[in-house]
Amino acid sequence: GSLANNDTPNQEKITSLGGIEALVQAMGQHPSHAGVQENAILAFLLTGLPKEIQECIKKAGAEAKVRRAMAAPNATAQTMEDGKQLLDRLGKLGGV
């Protein structure tokens with residue numbers, strides 16, 4: 001996540017190389033691992049500052065994974081906070 005923080009060229013490179021899809025896949029493969037869920041959501045937040053990347057995150061199916069992570073019994077406070085922020089951000093895009 002820190003490679004993407006406030007660095008649009010890195011955010012675009014991560015996205016173009018399949019980083020968003022890899023995060024969605026990791027969340028799906030490790031649904032009960034709180035650390036994977038928390039860190040993936042943080043990476044989405046840090047990577048998805050540009051609107052175009054937010055659209056990629058939405059199209060990749062991240063919303064469902066984030067909702068599932070937030071509903072998990074072992075969801076961390078950070079997962080809840082970051083998940084809400086990400087879902088709010090993606091919700092402002094409208095239909096993609």
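Since the structure is predicted, the reported quantities are computational estimates derived from the model, not experimental observations. (Residues numbered from 1 in each chain as written. Predicted model: local features only at pLDDT ≥ 70, side-chain atom pairs only at ≥ 80, totals over all residues. Heavy atoms only, no water.)

Section: the overall build of the protein chain
Thinking step 1. Regarding its fold elements, the protein chain presents six helices and zero strands.
Thinking step 2. Taken over C-alpha atoms, the radius of gyration comes to 12 Å for the protein chain, in line with the 12 Å a tight globule of 96 residues would show.
Thinking step 3. The dimensions of the protein chain, computed from C-alpha atoms along their principal axes, are 35 × 25 × 20 Å.
Thinking step 4. Here the protein chain holds 96 residues, and the buried ones make up 38% of them.
Thinking step 5. In the protein chain, the proportion of contacts linking residues at least 24 apart, taken out of those at least 6 apart, comes to 67%. (Helix = DSSP H or I, 4+ residues; strand = E, 2+ residues; numbered from the N terminus. Rg over C-alpha atoms; globule rule 2.2 N^0.38 Å. Buried < 20%, exposed > 50% of the residue type's maximum accessible area, 1.4 Å probe, protein only. Contact = heavy atoms within 4.5 Å.)

Description of the pattern of salt bridges
Thinking step 1. According to the stated counting rule, one finds one salt bridge in the structure shown.
Thinking step 2. The shortest N-O distance in the salt bridge between Lys 84 and Asp 88 comes to 2.9 Å. Highlighted residues: Lys 84 and Asp 88, both in helix α6 (residues 77-91), separated by four residues, approximately one helical turn. (Salt bridge = Lys/Arg side-chain N within 4 Å of Asp/Glu carboxyl O.)

Details of empty space enclosed by the protein
Thinking step 1. The full count for this structure, using the stated rule, is one cavity of 30 Å³ or more.
Thinking step 2. Put simply, the largest cavity is a space of about 40 Å³.
Thinking step 3. What lines the largest cavity is simply Pro 31, Ser 32, His 33, Ala 34, Gln 37, Ala 69, Ala 72, Asn 74, Ala 75, Thr 76 and Thr 79.
Thinking step 4. A per-class count over the lining of the largest cavity returns five nonpolar, six polar and no charged. (1 Å grid on protein atoms, 1.4 Å probe; cavity = no way out; pocket = protein on both sides within 12 Å on 5 of 7 lines; lining within 4 Å. Points joined across faces, edges and corners; volume = space filled by probe spheres on them. Nonpolar A, V, L, I, M, F, W, Y, C, P; charged D, E, K, R; others polar.)

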